[in-house]
Amino acid sequence: FSHAFVDTANRMKSEGSIEYSRIVSGDVTETKTAAVPNIPVEDRERVSFVQGNACALDLDALGGPFDGIVAANLLCRLPEPLDFLKSMETAINP
């Protein structure tokens, strides 16, 4: 899932929006659009999305430290979530 998330985020970054389908009920779906509203392209270019091993972040290989890290739906899946949170001290810029 992480790779698909990063690919989708990069597409939204470059295009400003992306269409997706959601299930309404059973086999019935509808098409929706997710958009980055009112954010100029030059500001979107300041954002980067990368995939890494949350249990062993290699900041040099990933281009860090970072201004922010999205760890959505992650902490409950890690064997040692506190180790990950402690690593954020060096992974995120002050």
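Please refer to the structure placed before this passage.
The sections below set out a description of the structure shown in this document. (Residues numbered from 1 in each chain as written. Predicted model: local features only at pLDDT ≥ 70, side-chain atom pairs only at ≥ 80, totals over all residues. Heavy atoms only, no water.)

1. Overview of the overall build of the chain
Applicable threshold: Where helices and strands are cited, they refer to DSSP runs of H or I of at least four residues and of E of at least two residues respectively, numbered from the N terminus. Each radius of gyration is computed over the set of C-alpha atoms, and the globule rule expresses the reference value as 2.2 Å times the number of residues to the power 0.38. Using a 1.4 Å probe on the protein chains alone, a residue whose accessible area is under 20% of its type maximum counts as buried, one over 50% counts as exposed, and one in between counts as partly exposed. Contacts were defined at the residue level, with two residues in contact if any of their heavy atoms lie within 4.5 Å. Here, Shrake-Rupley sampling with a 1.4 Å probe gives the accessible areas, and only protein chains in the shown set may cover a residue.
Tallying secondary structure elements over the chain gives four helices and two strands in all. Listed N to C, the secondary structure of the chain is α-β-β-α-α-α in terms of helices and strands. For the chain, the C-alpha radius of gyration of 16 Å lies well beyond 12 Å, the compact-globule estimate for 94 residues. With respect to the three principal axes, the spread of C-alpha positions in the chain is 45 × 35 × 20 Å. Looking at the chain as a whole, 16% of its 94 residues qualify as buried. Contacts in the chain between residues far apart in sequence, at least 24 positions, make up 42% of those at least 6 positions apart. Carbon and sulfur atoms provide 53% of the accessible area of the chain, an area that totals close to 7,300 Å².

2. Observations regarding helix H1 (residues 2-15)
In plain terms, the rule: Given the number of residues in a helix, its expected span is that number minus one, multiplied by 1.5 Å. In this context, the arc is that of the directions from the helix axis out to the C-beta atoms.
Along its 14 residues, H1 runs 20 Å from first to last C-alpha, staying within 8% of the 20 Å computed at 1.5 Å per residue. Turning to H1, its buried residues number three or more, namely Val6, Ala9, Met12 and Lys13. Along the long axis of H1, the arc covered by the buried residues comes to 125°, so they all point the same way. Buried residues belonging to H1 abut strand S1 (17-25), strand S2 (28-35) and helix H2 (41-44). The first or second residue beyond H1 is Gly16, which carries a positive phi of 90°.

3. Quick look at a nonpolar patch on the surface
In plain terms, the rule: In this scheme, patches are assembled from residues that exceed 30% relative accessible area and form no salt bridge. Like charges are connected within 9 Å, while nonpolar side chains (Val, Leu, Ile, Met, Phe, Trp, Tyr) are connected within 5 Å. Salt bridges are counted wherever a side-chain nitrogen of Lys or Arg sits within 4 Å of a carboxyl oxygen of Asp or Glu.
Where nonpolar side chains cluster on the molecular surface, the patch consists of Leu75, Leu82 and Leu85 and spans about 270 Å² of accessible area. Tracing the chain through its elements places Leu85 in helix H4 (residues 81-91). Its relative accessible area of 42% is what places Leu85 among the partly exposed residues.

4. With respect to the nonpolar core
Counted only if it meets this: Remark: nonpolar core denotes a set of buried residues (Ala, Val, Leu, Ile, Met, Phe, Trp, Tyr, Cys) joined through side-chain atoms within 4.5 Å.
Counting eight residues, the largest nonpolar core is built from Ala54, Leu59, Leu62, Phe66, Leu78, Phe84, Met88 and Ala91. Contributions of two or more residues to this core are made by helix H3 (59-62) and H4. Ignoring any residue separated from it by four or fewer positions in sequence, one finds Phe66 in contact with Val50, Leu59, Ala91, Ile92 and Asn93.

Note that all results are geometric; they support no functional claim without further evidence.
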